[in-house]
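# Residue-level structural notes
Listed below, chain by chain, are the residues.
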Amino acid sequence: MNLSDRLIAQFHQSSVSATIRKTPGVSAMAGRWWLRVQTEKFRAAMSTLSPPQVPASVEIPVGLVNVPAVADAVMKMPPYILAGEEFSDEMAEWCPTTSKFISITRVPGSLGYQDIYAPVLGHLRQRGAVRILEVGMGVNDPAAASGMGSDYIPGSSLMGWSHYFEGSEVHGADIDERCLIDTEWYSTHKVDQRDPASLGTLASLVNAPLDLIVDDGLHTPEANGNTVAALLPLLSPSGVMVVEDILPEFDALWEGLGEWLDGHYEVSYFPSRHLRHNRSPGGGIAIITRRA
Ligand SMILES: C[S@@+](CC[C@H](N)C(=O)[O-])C[C@H]1O[C@@H](n2cnc3c(N)ncnc32)[C@H](O)[C@@H]1O
């Protein structure tokens, strides 16, 4: 690992970045450097994206994905919010410690993650056996990179998926071995999103094609780019990949993602300025769908 990679590994949500942030001049310089390197790494990873592995001719008993456009969702707020409430209540029964599904949508004038998830995932429920992979299971250690609070139950969102999609096959992957415990609802795998080879191994271990892929791991553009490049080709026709908690500094990357994807996919990006979050700082959410 070269010096730049070592610094990058230390810079995101670590004690090193916390120390740097306290020194204004250094912090501004380091911040600019980090944004530039992350943007380059994202672009480099996306340039390796290959076409879908699963032929479009595979028969999937399902209608087309109905992803709301931002303007649409904002204009039609009440219906989205009602669907989001239902989705969130149902998920909360199984994964009460997963903040992305906690219902906060009744505050007027903004959208939550559940309002985006509900219309996007509703169609997948019509499939018989849905296959799901979420990267980032949630370790209950606030000091770990992208770690959760100490009352969090690792694998909480996987429990939610497993119950929301009856008969589904659910995989979870994480860098932190403390959360890699298989259960009767899901199986777990080790992965480091900063390492394309590690993601390649993960891709070979899960049972493709996948109908839903969620990236809720490290949340850096480098990690996101590697994850999209390695896993998107595993998506089934009209399957969905969701990338959560995208920092506003990188909105432009995601708003322009279409240019990196070939005609097989569509992207809808909801920047954090359109969303209301129940945590800070919160981030945008990208929905990538594969055309049927
Ligand atoms: C936000 S938590 C996931 C929360 C969970 N998906 C949920 O909805 O409740 C992020 C997880 O990403 C994992 N993570 C951090 N860096 C990673 C990396 N380089 N590769 C894979 N996972 C990583 C952390 O160990 C942590 O468990």
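Structure: above.
Remember, predicted model here, so these are calculated numbers, not experimental data.

Thresholds, definitions, all that
Residues numbered from 1 in each chain as written. Predicted model: local features only at pLDDT ≥ 70, side-chain atom pairs only at ≥ 80, totals over all residues. Heavy atoms only, no water. Helix = DSSP H or I, 4+ residues; strand = E, 2+ residues; numbered from the N terminus. Buried < 20%, exposed > 50% of the residue type's maximum accessible area, 1.4 Å probe, protein only. Contact = heavy atoms within 4.5 Å. Areas by Shrake-Rupley, 256 points an atom, 1.4 Å probe, with all protein chains shown as cover. Near = heavy atom within 4 Å. Polar contact = N/O pair within 3.5 Å; in protein donor to acceptor, adjacent residues only side chain to side chain. Arc of directions from axis to C-beta. Core = buried A, V, L, I, M, F, W, Y, C linked by side-chain atoms within 4.5 Å. Pairing = 2+ DSSP bridges. Axes fitted to C-alpha atoms, helices over the stretch in contact; angles between N-to-C directions. Salt bridge = Lys/Arg side-chain N within 4 Å of Asp/Glu carboxyl O. Phe/Tyr/Trp six-rings, centres within 6.5 Å; stacked < 30°, edge-to-face > 60°. Lys NZ or Arg CZ within 6 Å of the ring centre and 35° of its normal. Right-handed = clockwise from strand over helix to strand, strands pointing away.

Moving on: the overall build of the chain. When helices and strands are counted, the chain shows ten helices and seven strands. When each of the 292 residues of the chain is scored for burial, the buried share is 51%. In the chain, the share of contacts with a sequence separation of at least 24, taken over all contacts with a separation of at least 6, comes to 72%. Surface exposure of the chain reaches about 13000 Å², of which carbon and sulfur atoms provide 56%.

Glancing now at the site of the ligand. Lining the immediate surroundings of the ligand are 22 residues, of which Glu134, Gly136, Tyr152, Asp174 and Asp216 lie closest. Gly136 places a main-chain nitrogen or oxygen 2.7 Å from a nitrogen atom of the ligand. The contact in question runs from a nitrogen atom of the ligand to an N or O atom on the side chain of Asp216, over 2.8 Å. Contact with the protein chains covers 96% of the free accessible surface of the ligand, which is 600 Å².

An α-helical segment advances 3.6 residues per turn. Residues three or four places apart therefore align on the same side. Listing the buried residues of helix α8 (residues 196-205) in full gives Ser198, Leu199, Leu202 and Ala203. Buried positions in α8, seen along its axis, are confined to an arc of 145° and lie on one side of it. Set apart from the buried face of α8 by more than 90 degrees, the exposed residues are Ala197 and Ser204. Capping of α8 at its N-terminal end is provided by Asp195; its side-chain oxygen lies 3.0 Å from the backbone amide nitrogen of Ala197.

Looking at the secondary structure, you find Asp176 in the loop between β2 (169-174) and β3 (186-190). Exposure remark for Asp176: the relative accessible area of 15% places this residue in the buried category. Within the structure, the side chain of Asp176 is placed 2.7 Å from the side chain of Arg178, a separation counted as a polar contact. Those residues in contact with Asp176, other than ones at most four positions away along the chain, are Val139 and Ala144.

The subject of this paragraph is the nonpolar core. Core analysis: the biggest nonpolar cluster contains 33 residues, and Phe87, Tyr117, Leu121, Trp161, Phe165, Leu212 and Ile285 have the highest contact counts within it. Of all the secondary-structure elements, those providing two or more residues to this core are α5 (77-94), α6 (113-121), α7 (156-164), β4 (210-215), β5 (235-246) and β7 (284-290). With six residues, the single largest contributor to this core is α6. With sequence-adjacent residues up to four places away left out, Leu212 is seen in contact with Leu121, Leu124, Arg131, Ile132, Leu133, Trp161, Phe165, Val240 and Val242. If you look at the next biggest cluster of nonpolar residues, it comprises 32 residues, including Leu49, Ile213, Ala230 and Ile288.

Below, the discussion takes up the sheet that holds β2. Taking strand neighbours across the sheet as the criterion, the seven strands line up as β3-β2-β1-β4-β5-β7-β6 in an open arrangement whose pairing is mixed. In this open sheet, the two strands that pair with only one neighbour each are β3 and β6 (265-270). The average undirected angle you get between the axes of adjacent strands in this sheet is 15°. As paired elements, β5 and β7 share five bridges and run antiparallel to each other. Residue pairing across strands places Val240 opposite Thr289, the latter belonging to β7.

The next point concerns the pattern of salt bridges. Evaluation of the coordinates by the stated rule reveals twelve salt bridges. In this structure, the salt-bridge partner of Arg291 is Glu266, at a minimum N-O distance of 2.9 Å. Separated by 25 residues along the polypeptide, Arg291 in the segment after β7 and Glu266 in strand β6 bring together distant segments of the chain. Judged by relative accessible area, Arg291 falls into the partly exposed class, the value being 39%. Given the relative accessible area of 42%, Glu266 is considered partly exposed. Connected through shared salt-bridge partners, Asp141, Asp176 and Arg178 make up one network.

Enumeration according to the criterion identifies eight aromatic pairs in this entry. An aromatic cluster is present here, built from Phe87, Tyr117, Trp161, Tyr164 and Phe165 joined pairwise through their rings. Positioned above the aromatic ring of Tyr164 is the side chain of Arg125, whose terminal nitrogen or guanidinium carbon lies 3.6 Å from the ring centre.

Relative to the assigned elements, Glu134 resides in strand β1 (residues 131-135). Along the sequence, Glu134 and Trp161 sit 27 residues apart, while their C-alpha atoms lie 9.4 Å from each other. Filtering out sequence-adjacent residues up to four positions away, Glu134 remains in contact with Lys100, Ser157, Leu158, Trp161, His171, Gly172, Ala173, Val214 and Asp216.

What follows is about the pairing of β1. Most of β1 is tucked away, with four of its five residues classed as buried. Pairing between β1 and β2: five bridges, direction parallel. Note on β2: the bridge partner recorded for Arg131 is Glu169. Crossover handedness for the path β1 to α7 to β2: right-handed. In terms of strand pairing, β1 meets β4 through four bridges, oriented parallel. Bridge pairing links Ile132 to Leu212 in β4.

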